[in-house]
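Here is how the chains run, residue by residue.
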Amino acid sequence: MTADRKLFLGARMKRLRRDLGLTQTRMAEDLGVSPSYLNLLERNQRPVTAQVLLRLAEAYDLDLKSLSGDPEAGAATDLAEILSDQMFRDLGVPRHEIAEVADSAPGVSEAIVRLYRAYLDQRRISELGAVGRPEEGTYQPPVVTPSDWVRDFIQAQKNYFAELEEAADALSSELRSEPQDFQTAARDRLARRHGIQVRVAPVDVLPESVRRFDHHRRRLFLSEVLTGAGRSFSLAYQLALLEYGELLDSLADRAAPPDRPTRNLLKVSLGNYLAAAVLMPYGAFYEAAERTGYDIELLRARFGVSFEQACHRLTTLARTGARGVPFFMVRVDSAGNISKRFAGSTFPFSRFGGACPRWNIHSSFRTPGRIITQIIETPDGQRYFTVARTVARVATPYAGDDAELAIGMGCELKYAERLVYSRGLDLKEPVATAIGPACRLCERPACPQRAAEPISRTLMVDDFSKSISPYPFAST
């Protein structure tokens, strides 16, 4: 915290106190201040001092960066994206009001996000002619889809689950296997402890699946199209379900998902998290990441996992006292559709749309299997260092559909010096590519990839000239 910057965390402190079930008197005692002074802090009538900030972190085992940073920046970005919709254009809600709502009332912000998402889902289905009156028995979409609910829940936990990490450490210690011997150790444990035999099945036996467990015959079938890393992950997942099923059920129930399909998806997601943690135990993986400069290819080879699995694991390194670089990660197809997104901290891209076409993750499809880097700058001036590469999740038969996807990883530029990929680059005065979260929010002029004018500007089209951008707009 610099000397010329005053830090007001009133809403955040009040929310923390309520989440912990503390009175103002009790929190004041923990922080070594008077209740009246704490009251002034919570009402933003006094800035938070460095001493109070440190006491907050020590008393409640919090990450100092999460307190002094801007945890509601993502919520503010989501609200700004929603308010860029044509229906809200006449309101002209200024950015400082959006930031104030996101910071002071995060629950209200999330409610608005859910309502808007439901509206979008309903509108899309209506455009397809799939929505009718309830008495006609036409399908009505849920307010929040299972995938959206689970993604939001995982993000709310910063993609870190301490209980699953502890379970993974215990199971990994019992297996006592080197990464290259994991499949043998896992098969042996499944056979001895659970009476389960593992079989690799031809693609014509499992044409639409890569893994199937036969409860009656006690056999686990893995498709032949799975790579070695994919087979290891499937074995780790099956062990996770069998040996920590009660823990997974408890965590899923504790999250209070809205319906059974959402709960099922959440349990699978938590099982995947546990499986990845077994293959890449936190301590060993964190140490290797730091030693190698977060060299993903080297980490992938060392732990016997895929490029995507290693990237995903890197977004979970948030253990107190052993925090890794806070990465975000997305997975896109060649059409730009985002099928996976996780973030250890801030996420600079659109929540309701795809990634900006100026981000070179889209270019990675032209150089399959090759890692490409880029420094990007968002409209708020924040810069990020990113890496991207294509991946193939399964072996694709000659006549089969192309299964190639692209993985994009990134972190704030201030962490880039810890990455092997930044060596030789000028990080103090870098060449940054300006990108935007969504065209209706981005005010960067003369963009040939622009798909719509920004909501905050007036479209400027005339008969006498043609702009490089399909949607030129006024500067003010």
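Here the structure is a predicted model, which means the values were calculated and not measured.

Rules used in this analysis
- Residues numbered from 1 in each chain as written.
- Predicted model: local features only at pLDDT ≥ 70, side-chain atom pairs only at ≥ 80, totals over all residues.
- Heavy atoms only, no water.
- Salt bridge = Lys/Arg side-chain N within 4 Å of Asp/Glu carboxyl O.
- Helix = DSSP H or I, 4+ residues; strand = E, 2+ residues; numbered from the N terminus.
- Buried < 20%, exposed > 50% of the residue type's maximum accessible area, 1.4 Å probe, protein only.
- Pairing = 2+ DSSP bridges.
- Axes fitted to C-alpha atoms, helices over the stretch in contact; angles between N-to-C directions.
- Contact = heavy atoms within 4.5 Å.
- Expected span 1.5 Å × (residues − 1).
- Arc of directions from axis to C-beta.
- Core = buried A, V, L, I, M, F, W, Y, C linked by side-chain atoms within 4.5 Å.
- Polar contact = N/O pair within 3.5 Å; in protein donor to acceptor, adjacent residues only side chain to side chain.
- pLDDT = per-residue confidence, 0-100.

## Structural notes on the pattern of salt bridges
Logical step 1: Counted by the stated rule, this structure contains 22 salt bridges.
Logical step 2: Arg263 is the salt-bridge partner of Asp253, the closest N and O atoms lying 2.6 Å from each other. Taken together, the positions of Asp253 in helix α13 (residues 245-254) and Arg263 in helix α14 (residues 260-279) put the pair 10 residues apart, joining distant regions of the chain.
Logical step 3: For Arg263, a relative accessible area of 12% translates into the label buried.
Logical step 4: Put simply, Glu287 and Arg291 hold a salt bridge, and the shortest N to O gap is 3.1 Å. Taken together, the residues span about one helical turn, with Glu287 and Arg291 both in helix α15 (residues 282-292) at a distance of 4 residues.

## Quick look at the sheet that holds strand β3 (residues 219-223)
Hydrogen bonds along the backbone pair up the strands of a sheet, which may run parallel or antiparallel.
Logical step 1: Ordered in space as β1-β3-β2, the 3 strands form an open sheet in which the pairing is mixed. Edge positions in the sheet fall to β1 (197-201) and β2 (211-214), since each has one partner strand and no second. Direction aside, neighbouring strands of the sheet carry axes that sit 20° apart on average.
Logical step 2: With 5 bridges joining them, β1 and β3 adopt parallel strand pairing. Across the sheet, residue Val198 finds its bridge partner in β3, namely Leu220.
Logical step 3: Of the strands in this sheet, β1, β2 and β3 are in contact with helix α12 (residues 228-243), which crosses β3 at around 155°.

## Here's the deal with helix α11 (residues 182-194)
Because an α-helix completes one turn every 3.6 residues, residues spaced three or four positions apart along the sequence face the same direction.
Logical step 1: Along its 13 residues, α11 runs 17 Å from first to last C-alpha, staying within 8% of the 18 Å computed at 1.5 Å per residue.
Logical step 2: Burial in α11 covers these residues: Phe182, Ala185, Ala186, Arg189, Leu190 and His194. Projected onto a plane normal to the axis of α11, the buried residues spread over an arc of 135° and lie on a single side. In α11, the exposed positions that point more than 90 degrees away from the buried face belong to Thr184 and Arg192.
Logical step 3: Contacts made by the buried residues of α11 are with α10 (162-175), β1, β3, α12 and α14.
Logical step 4: Of the residues one or two after α11, Gly195 is the one with positive phi, at around 65°.

## As for the nonpolar core
As a rule of thumb, nonpolar side chains are buried together in soluble globular proteins.
Logical step 1: The biggest cluster of nonpolar side chains holds 78 residues, and the ones touching the most others in it are Leu164, Leu274 and Leu314.
Logical step 2: Setting aside its immediate chain neighbours within four residues, Leu164 contacts Leu247, Leu248, Leu251, Leu270, Tyr273 and Leu274.

## Considering the side chain of Arg263
Logical step 1: At 2.6 Å, the side chain of Arg263 and the side chain of Asp253 are in polar contact.
Logical step 2: The contact partners of Arg263, leaving out residues within four places of it in the chain, are Asp249, Ala252, Asp253 and Pro257.

## Re the confidence of the model for the protein
Logical step 1: Confidence in the prediction of the protein, expressed as mean pLDDT, is 83, and 86% of residues score 70 or more.
Logical step 2: Of all helices and strands in the protein, the one with the weakest mean pLDDT is helix α5 (residues 64-68) (59), whereas α15 scores best (97).
Logical step 3: Low pLDDT (under 50) marks residues 130-139, which in the prediction has 12 contacts with non-local residues, meaning those over four places away or in another chain.

## Side note on the side chain of Gln374
Logical step 1: By the secondary structure assignment, Gln374 is in strand β8 (residues 372-377).
Logical step 2: Here Thr433 takes part through its side chain, which lies 3.2 Å from a polar atom of the side chain of Gln374.
Logical step 3: Setting aside anything within four residues of it in sequence, one finds Gln374 in contact with Arg358, Trp359, Asn360, Tyr384, Phe385, Thr386 and Thr433.

## Let's talk about the pairing of β8
Logical step 1: Both β8 and strand β9 (residues 383-392) contribute to a ladder of 6 bridges, which runs antiparallel. Considered in β9, the bridge of Ile376 is made with Tyr384.
Logical step 2: Once β8 ends, the chain turns through 5 residues before running back antiparallel as β9, passing Gly381 with a positive phi of about 90°.
Logical step 3: Strand direction decides the pairing type here: β8 and strand β11 (residues 433-434), joined by 2 bridges, are parallel.

## Re the sheet that holds strand β10 (residues 404-412)
Logical step 1: With mixed pairing, the 6 strands of this open sheet are ordered in space as β7-β6-β10-β9-β8-β11. Strands with a single pairing partner mark the edges of an open sheet, and in this sheet they are β7 (338-343) and β11.

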